[in-house]
Amino acid sequence: GFDLEAASKRLNELEEEIWNIKQRMSVWGYIPGRPGVTEDYENIVKFLGIYDDLPKSEKTQKPSQKSDDLQAFCDMPFIADYLKYEELHKLTTFLKNIKENTVHGRFNPIVNTGRVSMSKPNIQQLPRSGGVRECFIPKSSDNVFVDADYSAIELVALSEVTKQLYGYSKMGDLINAGEDLHYATGAEVYEKEIKDVTKDERQFAKIPNFAYPTNMAPITFVDYCKPMGIPMTEERALFVKNKWINRYDEIEHFFNEPRKHKDGISERGKDTYCHYTLTGRKRAYSTYSAFFNTHFQGLAADGCKLAIYE
């Protein structure tokens, strides 16, 4: 079900907020939708001194306008407004496209990752902020929403992969012993007993637990932390990564897996890899990061589909 009245009210609020943001951006000479706006953006990032820091498009050599690339500069007023405008504009587009009080999304049962994708509308990836989720309601008084979750599913899958590959998994041992992996990682990073780890330290430990299974580089980890408002240096990121690997030393073997599975070269001249999930699903010509992701995120997706089938 979809609450059209609530959506209309929220849409008006969003459009008012967007108008205010556009007024502020116009002071910089940036007006979304105006001819030449790409050049205006280029001139502004040059003025701000971040032109050389932004990735460039391979075709046009223009500075990136992607949100992920701009997060590192969100303390600059123009960039903060630009990012907020893009976020709110997507929300208004989403709300405008739903015109009925019952939503029937289109599902694609399997994509390269092994997961399910959805469109028209994509209610699998609703933003947490912006008031959009609140517009979705049970279809009638006879219906309810049911919320269920696999606990730490990707880390559980990762531990099973390493156990199958190398005959052991320290991560799996902790899971089977009933330990909370975020507390366990926090204990390693902060060099204390698990029982002494604070809630804030546990919250931080979630980040390496979700970031480092893909062998994320420390410099990328720094950028990964910025949107969450967590100050991080490359030196500290490397320290955290080494501590994480020390806690789960089977991961060091896992990080050496790609060299065994090369299957070609991508159009960009980078190695590609062919591999299988533990359920036997094959994925070929994947990137370096996708190689790792498929082993545990892909396995989790396979497990979810098998559970639905059962």
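This text goes with the structure placed above it.
Residues numbered from 1 in each chain as written. Predicted model: local features only at pLDDT ≥ 70, side-chain atom pairs only at ≥ 80, totals over all residues. Heavy atoms only, no water.

**Q** What's the story with the overall build of the chain in this structure? I'm lost.
**A** If you tally the helices and strands in the chain, you get 12 helices and 5 strands. Taking the principal axes of its C-alpha atoms as reference, the chain extends roughly 60 × 55 × 45 Å. Within the chain, buried positions represent 36% of all 310 residues. Contacts in the chain between residues far apart in sequence, at least 24 positions, make up 51% of those at least 6 positions apart. Accessible area of the chain: about 18,900 Å², with a carbon and sulfur share of 50%. Averaged over its 41 positive side-chain charges, the chain has a centre that lies 4 Å from the centre of its 46 negative ones. (Helix = DSSP H or I, 4+ residues; strand = E, 2+ residues; numbered from the N terminus. Buried < 20%, exposed > 50% of the residue type's maximum accessible area, 1.4 Å probe, protein only. Contact = heavy atoms within 4.5 Å. Areas by Shrake-Rupley, 256 points an atom, 1.4 Å probe, with all protein chains shown as cover. Lys, Arg positive; Asp, Glu negative; His and termini not counted. Charge placed at Lys NZ, Arg CZ, Asp CG, Glu CD.)

**Q** Which parts of the structure should I look at to understand the pairing of strand 5 (residues 282-286)?
**A** Two faces belong to every sheet, and in a regular strand the side chains alternate between them. Strand direction decides the pairing type here: strand 4 (residues 271-276) and strand 5, joined by 3 bridges, are antiparallel. Counted as the bridge partner of tyrosine 276 is lysine 282 from strand 5. (Pairing = 2+ DSSP bridges.)

**Q** Sorry, what's going on with helix 7 (residues 181-189) here?
**A** For an α-helix, 3.6 residues make a turn, and residues three or four places apart therefore share a direction. Burial runs high along helix 7: 8 of the 9 residues are buried. Among all positions of helix 7, only Leu181, His182, Ala184, Thr185, Gly186, Ala187, Glu188 and Val189 are buried. In this fold, the buried residues of helix 7 make contact with helix 5 (153-166), helix 6 (170-176), helix 8 (199-211) and helix 10 (234-247). Capping the start of helix 7 is the job of one residue whose side-chain oxygen sits 2.8 Å from the backbone nitrogen of histidine 182: aspartate 180. Of the residues one or two after helix 7, glutamate 191 is the one with positive phi, at around 55 degrees. (Polar contact = N/O pair within 3.5 Å; in protein donor to acceptor, adjacent residues only side chain to side chain.)

**Q** Quick question: what am I supposed to make of unusual backbone geometry here?
**A** Of all residues except glycine, most have a negative phi; of all peptide bonds, most are trans. A cis amide bond, omega -5 degrees, links lysine 120 with the succeeding residue proline 121. Note on placement: proline 121 falls in the loop between strand 2 (117-119) and helix 5. The backbone of alanine 152 shows a phi angle near 50 degrees, a positive value even though the residue is not glycine. Here alanine 152 shows up in the loop between strand 2 and helix 5. Positive phi values are uncommon outside glycine, yet asparagine 215 reaches one of about 60 degrees. Tracing the backbone through its elements, the reader meets asparagine 215 in the loop between helix 8 and helix 9 (218-225). A relative accessible area of 19% means that asparagine 215 is categorised as buried.

**Q** Looking at this structure, I do not really get the environment of leucine 238. What am I missing?
**A** Position of leucine 238 among the secondary structure elements: in helix 10. In this structure, the C-alpha to C-alpha distance between leucine 238 and threonine 214, residues 24 residues apart in sequence, is 14 Å.

**Q** Mind showing me how you'd approach the nonpolar core here?
**A** Generally speaking, a soluble globular protein has its nonpolar side chains buried in company with each other. One finds Phe2, Tyr30, Tyr41, Phe78, Leu95 and Phe136 to be the most contacted residues of the largest nonpolar core, which totals 32 residues. Listing elements by their share of this core, those giving two or more residues are helix 1 (4-26), helix 2 (37-48) and helix 4 (77-96). At 9 residues, the largest contribution of residues to this core is made by helix 4. Dropping the residues within four chain positions of it, tyrosine 30 is found in contact with Met25, Val37, Asp40, Tyr41, Ile44, Gln65, Phe78 and Tyr82. Core analysis: the next-biggest nonpolar cluster, separate from the first, contains 31 residues, Val161, Leu181, Val189 and Phe254 among them. (Core = buried A, V, L, I, M, F, W, Y, C linked by side-chain atoms within 4.5 Å.)

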